[in-house]
Amino acid sequence: MKMNCSETRVRLDDYYDDELSVLEFRAVNEHLASCDECKHELQAVDALRQALRDMPVAEVDDEFENRIFGEVRKHYSGASSSRFAAGFMTAMAAGLALWFATSIFIPQLPVDDASQVVMVALNDAYEVRLKFDAPVDLEQVTLSIDLPDNIELEGYADRKELTWQTQLKQGQNILALPLKAVAIGEGELVAQLFYGDKSRSFRVILKTTGNDALIYQVRKFNSV
Amino acid sequence: MAVINMWPIRRSDHQLFEQLMRPHLKYLYRLAYRLTGQQHAAEDLVQEVMLKLFPRLEEIEKIEKLSPWLSKVLYRVFIDQLRKDKRSPVDLIGDDESIYETQPGKEQQPAEVTESEILQKKIQYAVTHLNEDQRILIMLHDVEGYSLLEIQQIQDVPLGTLKSRLNRARAKLREILKEVEPYATYERVKGVRGI
């Protein structure tokens, strides 16, 4: 199969895209080997394609993904459009986390009961981390979480109380709670830990203010 | 530091949706940008697609290859919007400029502008003068590198039809490129053959 210049040129784009039959590909190759004009045309195809591939794309900012998913959450969750929900969500995006220290079974250690105020915005989840210090490895520890009406645990919209058995390692143990506000208001999250005949509990107050400030406050420990 | 084991993790619909969609978001934005030519319009298009898809979470979970499916959904939403815009008597003007709006030759060419920058301007201009079907085809195939088979899946158009449309689109593109005067002048000065 032999090709002249015009037969070759109409096939140059397909040749460039590797979309010719084997026979056509060979024929174009043979022609190009002996024709500088067509070779030059192929270079022009290459230059044009390269320029097309180099067409710029305006970059999105870092908040693009959060913005997109935030709108989806807002659109499909009527209650989550409250100011309270707004608070939780951005805080997580910002990587904030509050740490509530406790010293179960070691009464002499101080309890971190400092209040904190976190400015937060709409449509994100917030992770509250509870820290437990254990003097030794502990098996068969029972943990329970009670949530106020205005708070949900992500994935457990239908549960306000959760109780389960776990174990603690010697030293610091972290329990991360992915929370989501579903209504404006104020409420207490109560975490309780039971081991044998001993128990400890603490409370986290969660509320919004008029200016979108979300206040987290840990109340003092109560021995039960 | 030890992590306390919680009860079995149960993801919410939103978490699952975001987990499935997040890896595709920037890629979808890129496609949207190629179709719309505007950053805000592209972001809005991706947003619209996500809003439409969330209720279809169960269906999405069963899809093995999400990328081509999502491309098709985005393309259809884009075409729907295009049809609506054409029916609308009001011209919507975005607050960001289209990359295709600058006409080569209308602005001063600084001395340091390179040949590739001139070609880039010229191409951006030429692309706007293709009809919508031709522009989309060039964008998908020659700019973003979709194969004809992939485009066939996205557009539901027979392969042969696509191929001849693509050839016509390229011929039109080259014709416009040759007509762009500043670059033609540049070519004459440099003694470079037109492409």
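Definitions and cut-offs
Residues numbered from 1 in each chain as written. Chains lettered and ligands numbered in written order. Predicted model: local features only at pLDDT ≥ 70, side-chain atom pairs only at ≥ 80, totals over all residues. Helix = DSSP H or I, 4+ residues; strand = E, 2+ residues; numbered from the N terminus. Buried ≥ 20, exposed ≤ 12 C-beta atoms within 10 Å, placed from the backbone. Contact = placed C-beta atoms within 7 Å. Nonpolar A, V, L, I, M, F, W, Y, C, P; charged D, E, K, R; others polar. Core = buried A, V, L, I, M, F, W, Y, C linked by C-beta atoms within 7 Å. Axes fitted to C-alpha atoms, helices over the stretch in contact; angles between N-to-C directions. Parallel < 35°, antiparallel > 145°, perpendicular 65-115°, else oblique. Left-handed = near helix turned anticlockwise from the far one by under 90°. Pairing = 2+ DSSP bridges. pLDDT = per-residue confidence, 0-100. Expected span 1.5 Å × (residues − 1). Arc of directions from axis to C-beta.

> Help me get a handle on the overall build of chain A, residues and values and all.
A count of helical and extended segments in chain A gives six helices and eleven strands. Among the 224 residues that make up chain A, the fraction classed as buried is 27%. Counting contacts in chain A only where the partners sit at least 6 residues apart, residues at least 24 apart contribute 74% of the total.

> Talk me through the interface of chain A and chain B; I want residue IDs and the actual numbers.
One widely used convention gives an interface's size as the accessible area the parts lose upon coming together. Taken together, the 38 residues of chain A in the interface contact 37 residues of chain B. Counting residues per element, the ones that place at least two in the side of chain A that touches chain B are helix H4 (36–53), helix H5 (64–75), strand E6 (161–168) and strand E7 (171–181) of chain A. Residue classes in the side of chain A that touches chain B are distributed as 22 nonpolar, seven polar and nine charged.

> Lay out the nonpolar core with the relevant residues and their values.
In terms of nonpolar packing, the biggest core is built from 44 residues, with Leu28, Ala32, Val46, Leu74 and Ile138 of chain B touching the most fellow members. Among the elements that line this core, the one with the most residues is helix H1 (residues 13–36) of chain B, at eight residues. Counting residues in each nonpolar core, the second largest holds 19 residues, with Leu147, Leu189, Ala191 and Leu193 of chain A among its members.

> Hey, could you go over the packing of H1 of chain B against helix H2 (residues 39–53) of chain B for me, with residue numbers and the actual values?
Residues and elements named next belong to chain B. Look at H1 against H2: their axes get within 8 Å of each other, and the N-to-C directions meet at 135 degrees. With respect to their mutual orientation, H1 and H2 come out oblique. The way H1 lies across H2 gives a crossing that is right-handed. Between H1 and H2, the residues in contact are Met21, Leu25, Leu28, Tyr29, Ala32, Tyr33 and Thr36 and Gln39, Ala41, Ala42, Glu43, Leu45, Val46, Val49 and Met50, respectively. Here the contact of H1 with H2 is built from residues that sort into twelve nonpolar, two polar and one charged.

> Which residues make up the pairing of strand E4 (residues 138–146) of chain A, and what are the values?
Residues and elements named next belong to chain A. As paired strands, E4 and E6 are joined by seven bridges and run antiparallel to one another. Note that in E6 the partner of Leu143 across the bridge is Trp164. The pairing of E4 with strand E8 (residues 186–195) spans five bridges and is classified as antiparallel. The partner of Thr142 across the bridge, within E8, is Phe194.

> Break down the environment of Glu48 of chain B for me, with residues and values.
All names here are of chain B. Mapped onto the elements of the fold, Glu48 is located in helix H2. Classification of Glu48 as partly exposed rests on a count of 17 C-beta atoms within 10 Å. When the C-alpha positions of Glu48 and Phe78 are compared, they lie 9.4 Å apart, and in sequence the two are 30 residues distant.

> Give a detailed account of the confidence of the model for chain B, specifying residues and quantitative values.
All names here are of chain B. Here chain B averages 80 in pLDDT, while 73% of its residues score no lower than 70. Of all helices and strands in chain B, the one with the weakest mean pLDDT is helix H9 (residues 181–190) (46), whereas H2 scores best (96). Counting interchain partners and residues more than four positions distant, the pLDDT-below-50 stretch residues 90–97 has eight contacts. Contacts of residues 183–195 to residues separated by more than four positions or lying in other chains number 14 contacts, the stretch itself having pLDDT below 50.

> Help me get a handle on H2 of chain B, residues and values and all.
Given 3.6 residues to a turn, an α-helix orients residues that are three or four positions apart in the same direction. Residue and element names in this part refer to chain B. Taking 1.5 Å per residue as the helical rise, H2 with its 15 residues ought to reach 21 Å, and the 21 Å between its terminal C-alpha atoms agrees with that figure. Taken together, the buried positions of H2 are occupied by Gln39, Ala42, Glu43, Leu45, Val46, Val49, Met50 and Leu53. Each buried residue of H2 lies within a common arc of 160 degrees when the element is viewed along its axis, so the set occupies one face.

> Please give an account of the environment of Arg26 of chain A that cites residues and values.
Residues and elements named next belong to chain A. Among the secondary structure elements, Arg26 is positioned in helix H3 (residues 22–34). We classify Arg26 as partly exposed; it has 13 C-beta atoms within 10 Å. For Arg26 and Met1, which are 25 residues apart along the polypeptide, the C-alpha to C-alpha distance reads 8.3 Å.

> Which residues make up unusual backbone geometry, and what are the values?
Of note, the phi angle at Asp18 of chain A is positive, near 60 degrees, even though the residue is not glycine. Take Asp18 of chain A: it is sitting in the loop between helix H2 (12–16) and H3.

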